[in-house]
Amino acid sequence: MSAGPKEQPVPPDALANPDAVEVLRAFVVDGGLSISFTRAFDDPGMWGMLLVDVARHAARVFEKEGVMDEAEAMARMVEMFQAELDCPTDLGQTSEGNERGH
């Protein structure tokens, strides 16, 4: 049996809730991003909220691991987010997925 990808664990509160729905899975593959997702929300603005929540958690980890403080990490993420919106490095492709996502 071959080894699979290095996956993150399912959060305990999601495991305990039968109504929980996975909405995003992301992997770094050959230096790039590979994702699968389910639209999940009726309002696309909710994706903005999701992205900010993920960024906040990531910023806290940078501080917790002593790399930089949370505010500095968040500022860097916001800077890169805006730069990528203004001048995308790779637009990628979104293809129809199966019943689980894209």
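Anyway, here's the lowdown on the structure attached to this text. Small disclaimer: the values here were computed from a predicted structure and weren't measured.

The rules behind the values
Throughout, residues of each chain are indexed from 1 in the direction in which the sequence is written. Local features in a predicted model are, by the rule used here, given only for residues with pLDDT of at least 70; side-chain atom pairs are given and counted only at 80 or more, and totals for whole chains, interfaces and linings are based on all residues. The side-chain quantities take in all heavy atoms of the structure and omit both hydrogens and water. By convention in these notes, a salt bridge is any Lys or Arg side-chain nitrogen within 4 Å of a carboxyl oxygen on Asp or Glu. To qualify as a helix, a DSSP run of H or I must reach at least 4 residues; to qualify as a strand, a run of E must reach at least 2; elements of each kind are numbered from the N terminus. For every residue, the accessible area (1.4 Å probe, protein chains only) is compared with the maximum for its type, and the residue is labelled buried under 20%, exposed over 50%, or partly exposed between those bounds. Ring pairs shown here join Phe, Tyr and Trp side chains whose ring centres sit within 6.5 Å, with only the six-membered ring taken for Trp; geometry is labelled stacked below 30 degrees between planes, edge-to-face above 60, and tilted in between. Two strands qualify as a pair provided DSSP detects at least 2 bridges between them.

## Some thoughts on the pattern of salt bridges
Enumeration over the complete set of coordinates arrives at 5 salt bridges. One salt bridge connects aspartate 53 with arginine 56, and the closest N-O pair in it is separated by 3.6 Å. Linking aspartate 53 with arginine 56, this pair stays in helix α2 (residues 45–64), spanning 3 residues, or about one helical turn. Judged by relative accessible area, which is 34%, aspartate 53 ranks as partly exposed. A relative accessible area of 38% means that arginine 56 is categorised as partly exposed. For arginine 76, the salt bridge is made with glutamate 79, and the minimal N-O distance between the two is 2.7 Å. Of this pair, arginine 76 and glutamate 79 are both found in helix α3 (residues 70–86), 3 residues apart, which corresponds to roughly one turn of the helix. Classification of arginine 76 by relative accessible area gives partly exposed; the value is 40%.

## Describing the packing of aromatic side chains
Summed over all chains, the structure comprises 2 aromatic pairs. Seen in terms of ring centroids, phenylalanine 37 and tryptophan 47 are 5.9 Å apart; in terms of plane orientation they differ by 85 degrees. Their pairing is edge-to-face. Taken together, the residues phenylalanine 37 in strand β2 (residues 32–37) and tryptophan 47 in helix α2 connect sequence positions 10 residues apart. Residue phenylalanine 37 is classed as partly exposed on the basis of its relative accessible area of 22%. Taking 5.5 Å as the distance between ring centres and 80 degrees as the angle between the ring planes, the aromatic pair formed by phenylalanine 41 and tryptophan 47 counts as edge-to-face. The exposure class of phenylalanine 41 is partly exposed, given its relative accessible area of 22%. Counting every residue linked through ring pairs, the aromatic cluster contains Phe37, Phe41 and Trp47.

## Notes on the pairing of β2
Here 6 bridges tie strand β1 (residues 24–29) to β2, and the two strands are oriented antiparallel to one another. By the bridge assignment, phenylalanine 27 is partnered in β2 with serine 34. Hairpin connection of β1 to β2: 2 residues between the antiparallel strands, including aspartate 30 at a positive phi of 50 degrees.

It is worth stressing that arrangement in space is one thing and function is another; only the former is reported here.
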